[in-house]
Amino acid sequence: IRDKKGYDLRIISFDDGPDDYPAEVWDDIRQYPFLQYIVGEDEDMGISVGRNLALKMVQTKYFLLVDDDHVFNDKSNLDKMIEILDTTDATLVGGKFEGFMKFAGALKFGEYHGREEFAIFSGHCERQLPRFPNCEQCDSTSNIFMAKTHPVLEIGGWSEELKIAEHADFFVKMKAAGKKVVYCDDIEVINQQESPEERSKSYQKLRYDMGRKNRMFRLMNSRYNVNGLFWCSEYEVVNENELKCLTTKHKIGYC
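Every chain is numbered independently, its residues counted from 1 as its sequence is written. The predicted origin of the model limits local features to residues at a pLDDT of at least 70 and limits the giving and counting of side-chain atom pairs to 80 or more, whereas totals for whole chains, interfaces and linings rest on all residues. Note: side-chain values were computed over all heavy atoms of the structure, leaving out hydrogens and water.

Before going further, it helps to examine the overall build of the protein. On a plain count of helices and strands, the protein comes out with eight helices and 15 strands. Considering the protein as a whole, with its 255 residues, one finds that 43% of them fall into the buried category. A contact between two residues is defined here by any heavy atoms of the two lying within 4.5 Å. A separation of at least 24 residues holds for 72% of the contacts in the protein among residues at least 6 apart in sequence. We count a stretch as a helix when DSSP gives it H or I for four or more residues in a row; a strand needs E for two or more, and each element gets its number in order from the N terminus. Throughout, exposure labels follow a simple rule: accessible area from a 1.4 Å probe, protein chains only, divided by the maximum for the residue type, with under 20% read as buried, over 50% as exposed, and the rest as partly exposed.

See the structure below:
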């Protein structure tokens, strides 16, 4: 970020992996005075705990959230994110991953499939953001975003019982608190994910553990009294407040 964009900023990194790095790795980390590297007290504390610990250390009015496999390119327009936060009532501004589908959408609670469920309507945003033609007001966006620090602290950040699958819950909390989320189609980063073959077995076990994902279902059920969650990519707009899903093939799970 500093090399490509020229920003004089502090980077806060949280690591809850095994503390078994060789000495040369620590020497490499220490050569960057602007990098605050936090090692979790315990292994596998989870992404939500890590983000909340880092968030509490932020000393600026805005923070930029990135994952460790994000790479910036010429379209990673942080200045535009800052301008939107400075000049509108948006709390959070997100972008997209290069080469991926639009990862933003509407979050709705209602009766679907004859039961009370929570639906993620992929790609649906409510309205254009004035003065920013490539930006829309949505309920959720991807995990590349800049946000106002204090409002995110106000909602409690991320739910710490969720070690993975924290994404939907975070944006539901944002929506419930009346925080405005903006998605900009012309802001992007490269998501340089490892292939399944490159990932360690221990990582894959933690990442895809259904018991961990079920925590998210149970949390949604207890907080919002919903019986299931599903992802809808084909839908029609009934009116300003209602969307009708045209397919049920993207079921996420039952609470």
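What follows is about the nonpolar core. One finds F63, L92, F118, F145 and F170 to be the most contacted residues of the largest nonpolar core, which totals 25 residues. Among the elements that take part in this core, helix α6 (residues 167-176) stands out by supplying five residues, more than any other. If you look at the next biggest cluster of nonpolar residues, it comprises 19 residues, including Y62, I84, C135 and M146. Residues belong to one nonpolar core when they are buried, are Ala, Val, Leu, Ile, Met, Phe, Trp, Tyr or Cys, and are joined through side-chain atoms within 4.5 Å.

Here the focus is the packing of aromatic side chains. Classification of ring pairs rests on two measures: the distance between centres of Phe, Tyr or Trp rings, Trp counted by its six-membered ring, which must be within 6.5 Å, and the angle between planes, read as stacked under 30 degrees, edge-to-face over 60 and tilted in between. Within the structure shown, the criterion is met by nine aromatic pairs. Pairing F121 with Y235 gives two aromatic rings, centres 5.6 Å apart and planes at 85°, and the pair type is edge-to-face. Remark: Y235 occurs in strand β13 (residues 235-239) and F121 occurs in strand β7 (residues 115-122); sequence separation between them is 114 residues. Since its relative accessible area comes to 0%, F121 is described here as buried. Take Y235: its relative accessible area is 22%, and that puts it in the partly exposed class.

Right, let's get into helix α4 (residues 78-87). Every buried residue belonging to α4 is among L78, K80, M81, I84 and L85, and all of these are buried. The buried residues of α4 all sit within an arc of 160° when viewed along its axis, so they share a single face. Residues adjacent in sequence count toward polar contacts only when both atoms are side-chain atoms; beyond that, a polar contact is any pair of N or O atoms within 3.5 Å, and within protein one must be able to donate a hydrogen and the other to accept it. The backbone nitrogen of D79 lies 3.3 Å from a side-chain oxygen of the residue at the head of α4, namely N77. Summarising the geometry, the arc corresponds to the directions from the helix axis toward the C-beta atoms.

This part takes up α6. Of all the 10 residues making up α6, eight are buried; the element is thus mostly covered by neighbouring parts of the structure. Within the span of α6, buried status applies to H167, A168, D169, F170, F171, V172, K173 and M174. At the C-terminal side of α6, G178 shows a positive phi close to 75°.

The next point concerns a negative patch on the surface. Nonpolar side chains (Val, Leu, Ile, Met, Phe, Trp, Tyr) are joined into patches within 5 Å and like charges within 9 Å, using only residues with over 30% relative accessible area and no salt bridge. Using a 1.4 Å probe, the Shrake-Rupley method yields the accessible areas, and only the shown protein chains count as cover for residues. For this analysis, a salt bridge means a side-chain nitrogen from Lys or Arg found within 4 Å of a carboxyl oxygen belonging to Asp or Glu. Asp and Glu are treated as the negative residues and Lys and Arg as the positive ones, with His and the ends of the chain left uncounted. A charge is said to be at NZ when it belongs to Lys, at CZ for Arg, at CG for Asp and at CD for Glu. Taken together, the side chains of D19, D20, E41, D42 and E43 define an acidic patch exposed on the protein surface. If you trace the backbone, D42 turns up in the loop between β2 (35-39) and α3 (47-56).

The subject of this paragraph is unusual backbone geometry. Non-glycine residue R131 carries a positive phi angle of around 75°. Position of R131 relative to the elements: it lies in the loop between β8 (127-129) and β9 (132-138). With a relative accessible area of 57%, R131 lands in the exposed category.

In this structure, V93 sits in strand β5 (residues 90-97). Separated by 89 residues in the primary sequence, V93 and V182 place their C-alpha atoms 4.7 Å from one another. Setting aside chain neighbours within four positions, we find V93 in contact with M81, I84, L85, I144, F145, M146, V182 and C184.

On to the pattern of salt bridges. Evaluation of the coordinates by the stated rule reveals 11 salt bridges. Its salt-bridge partner being D27, residue R30 comes within 3.4 Å of it at the nearest N-O pair. Placement of both R30 and D27 in helix α2 (residues 23-30) is noted, with a separation of three residues, approximately one turn of the helix. With a relative accessible area of 59%, R30 lands in the exposed category. We classify D27 as partly exposed; its relative accessible area is 48%. In this structure, D86 engages K61 in a salt bridge whose closest nitrogen and oxygen atoms are separated by 3.5 Å. Residue D86 is located in helix α4, and its partner K61 is located in the loop between α3 and β3 (62-65); the two are separated by 25 residues in the primary sequence. On the basis of relative accessible area, D86 is assigned to the partly exposed category, the value being 45%. Residue classification places K61 among the exposed positions, given a relative accessible area of 57%.

Bear in mind that shape data such as this cannot, by itself, settle questions of function.
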